[in-house]
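A structural walkthrough
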Amino acid sequence: HEARKGQEPKKVRPYNLEYRALIDGDLTTKAMDFMTRHAKARKPFFLYLAHNAPHFPLMAPRELIAKHKGRYMAGWDKLREERYRRQLKMGIVDPKWPLSPRAADTPAWDSLPLAERQRYDHMMAVYAAMIEAIDRSVGTLVNLAAGGIERNAVRFGHPSGTLRVGAEASLVNGEWTVNKAIMS
């Protein structure tokens, strides 16, 4: 919603959020068809697949979000300590490296009201579901490539960096409201 000087704000026409969350699966299917056609013809190819999912607003299929819902209610303080211990045990992190302190502008999880903790749990569930959906997509394409397409290379990346939005944006009645967005 943006207004020019002296004009009423124009309402942005909402787009189909459910389709936006599922488009990456459609793109993966099209990519698989493309790869299979070129493999059958024994033709070299270049495939660039830009997933929509990592772009704001983050979205994922509802069933994946439901799978992750509630997983983050333990809070970011406890979860980061658990992850740190797991990384130590796996040998990923050197024991000489202590867990960094929580960022100064991030409140202690236990200090947040229940409604806010539930909201953050939902946001983290959406993020985890989005990562899982992309992982499935990339894994499907890599497995297809490994199963018969010779001399192939796979590069995965996300070109846009990250957008830190957090509490500054919300989905209300199917429409996004962005109060403040900070590139990080």
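Coordinates for the structure precede this section.
Nothing here was measured: the structure is a model prediction, and the numbers come from that model. (Residues numbered from 1 in each chain as written. Predicted model: local features only at pLDDT ≥ 70, side-chain atom pairs only at ≥ 80, totals over all residues. Heavy atoms only, no water.)

Our focus in this paragraph is helix α3 (residues 76-90). For α3, with 15 residues, the first-to-last C-alpha span of 21 Å sits near the 21 Å given by 1.5 Å per residue. Buried residues of α3: W76, D77, L79 and Y84, and no others. Down the axis of α3, the buried side of the element spans an arc of 165 degrees, and every buried residue falls inside it. More than 90 degrees from the buried face of α3, the exposed residues found are K89 and M90. One or two steps after α3, the chain reaches G91, where phi turns positive at roughly 80 degrees. (Helix = DSSP H or I, 4+ residues; strand = E, 2+ residues; numbered from the N terminus. Expected span 1.5 Å × (residues − 1). Buried < 20%, exposed > 50% of the residue type's maximum accessible area, 1.4 Å probe, protein only. Arc of directions from axis to C-beta.)

Mapped onto the fold, H51 is located in the loop between α1 (17-40) and α2 (62-68). Polar contacts involving the side chain of H51 include one to the side chain of S137, which spans 2.8 Å. (Polar contact = N/O pair within 3.5 Å; in protein donor to acceptor, adjacent residues only side chain to side chain.)

You can see R117 is positioned in helix α4 (residues 114-146). Put simply, R117 is tucked away with no salt bridge, and the nearest opposite charge, on D110, sits 5.8 Å away. In this structure, R117 is in contact with M73, W109, D110 and L112, ignoring residues within four places of it in sequence. (Lys, Arg positive; Asp, Glu negative; His and termini not counted. Salt bridge = Lys/Arg side-chain N within 4 Å of Asp/Glu carboxyl O. Contact = heavy atoms within 4.5 Å.)

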